[in-house]
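Residue-level listing of the chains:
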Amino acid sequence: YFVLDFEAGILQYFVNEQSKHQKPRGVLSLSGAIVSLSDEAPHMLVVYSANGEMFKLRAADAKEKQFWVTQLRACAKYHMEMNSK
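Since the structure is predicted, the reported quantities are computational estimates derived from the model, not experimental observations.

What counts, and where the lines are drawn
Residues numbered from 1 in each chain as written. Predicted model: local features only at pLDDT ≥ 70, side-chain atom pairs only at ≥ 80, totals over all residues. Heavy atoms only, no water. Buried < 20%, exposed > 50% of the residue type's maximum accessible area, 1.4 Å probe, protein only. Helix = DSSP H or I, 4+ residues; strand = E, 2+ residues; numbered from the N terminus. Pairing = 2+ DSSP bridges. Axes fitted to C-alpha atoms, helices over the stretch in contact; angles between N-to-C directions. Polar contact = N/O pair within 3.5 Å; in protein donor to acceptor, adjacent residues only side chain to side chain. Contact = heavy atoms within 4.5 Å.

Before going further, it helps to examine the pairing of strand β3 (residues 26-29). Across the two faces of β3 the burial differs, with Gly 26 and Leu 28 buried and Val 27 and Ser 29 not buried at all. In this structure, strand β2 (residues 10-13) lies alongside β3, joined through 4 bridges in antiparallel fashion. Residue pairing in the sheet places Ile 10 in a bridge with Ser 29 of β3.

Spelled out as structure tokens, the structure:
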């Protein structure tokens, strides 16, 4: 289960939706990250962070996948521009 914190510029990973109020299993900084589509599985996308970490995400359908790609790319771009100022 993934949660995007746009303000902080991070993508958090949890075991499931119920655990999202606990400490995340993993955190990925999105500043300078690259978000790409993947053919590995249906509706999959891959986030490559600037520090070399990689998260593979799978959406429920094509519409949800496009939503996540748009949001993640916007967040990565926003924080890249903020860090360069």
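This is not the end of the story, as more comes after the structure.
What follows covers the sheet that holds strand β6 (residues 54-58). If you walk across this open sheet you meet the 3 strands as β4-β5-β6, and the pairing is antiparallel. With partners counted over all chains shown, the strands left at the sheet margins are β4 (34-38) and β6, one partner each. With strand direction ignored, the average angle separating the axes of adjacent strands in the sheet is 25°. Alignment of β4 against strand β5 (residues 44-48), held across 5 bridges, turns out to be antiparallel. Looking at the pairing, Val 35 lines up with Val 47 of β5.

What follows covers the side chain of Ser 38. Looking at the secondary structure, you find Ser 38 in strand β4. Within polar-contact distance, the side chain of Ser 38 engages the backbone nitrogen of Glu 40 at 3.1 Å. Apart from residues lying up to four places away in sequence, Ser 38 is in contact with Met 44, Leu 45 and Val 46.

This part covers the environment of Phe 2. With respect to the helices, strands and loops of the structure, Phe 2 is situated in strand β1 (residues 2-5). In the structure, Phe 2 is positioned 11 residues away from Tyr 13 in sequence and 4.7 Å away in space, judged by C-alpha atoms. For Phe 2, the contacting residues outside a window of four places in its chain are Leu 11, Gln 12, Tyr 13, Phe 55, Lys 56, Leu 57 and Trp 68.

Now for unusual backbone geometry. We note that His 43 has phi near 60°; this positive angle belongs to a residue other than glycine. Of the residues examined, His 43 reaches a relative accessible area of 28% and is grouped as partly exposed.

The next subject is the sheet that holds β1. Read from one edge to the other, the open sheet built from 3 strands follows the order β1-β2-β3, with strand pairing classed as antiparallel. At either margin of the open sheet sits one strand with a lone partner, and together these are β1 and β3. Pairs of neighbouring strands in the sheet enclose a mean axial angle of 20°, with direction left out of account. Pairing analysis gives 4 bridges linking β1 to β2, with the strands arranged antiparallel. Across the sheet, the residue bridging to Val 3 is Gln 12, located in β2. Contacts from helix α1 (residues 62-83) reach β1 and β2, with the element oriented near 40° to β1.

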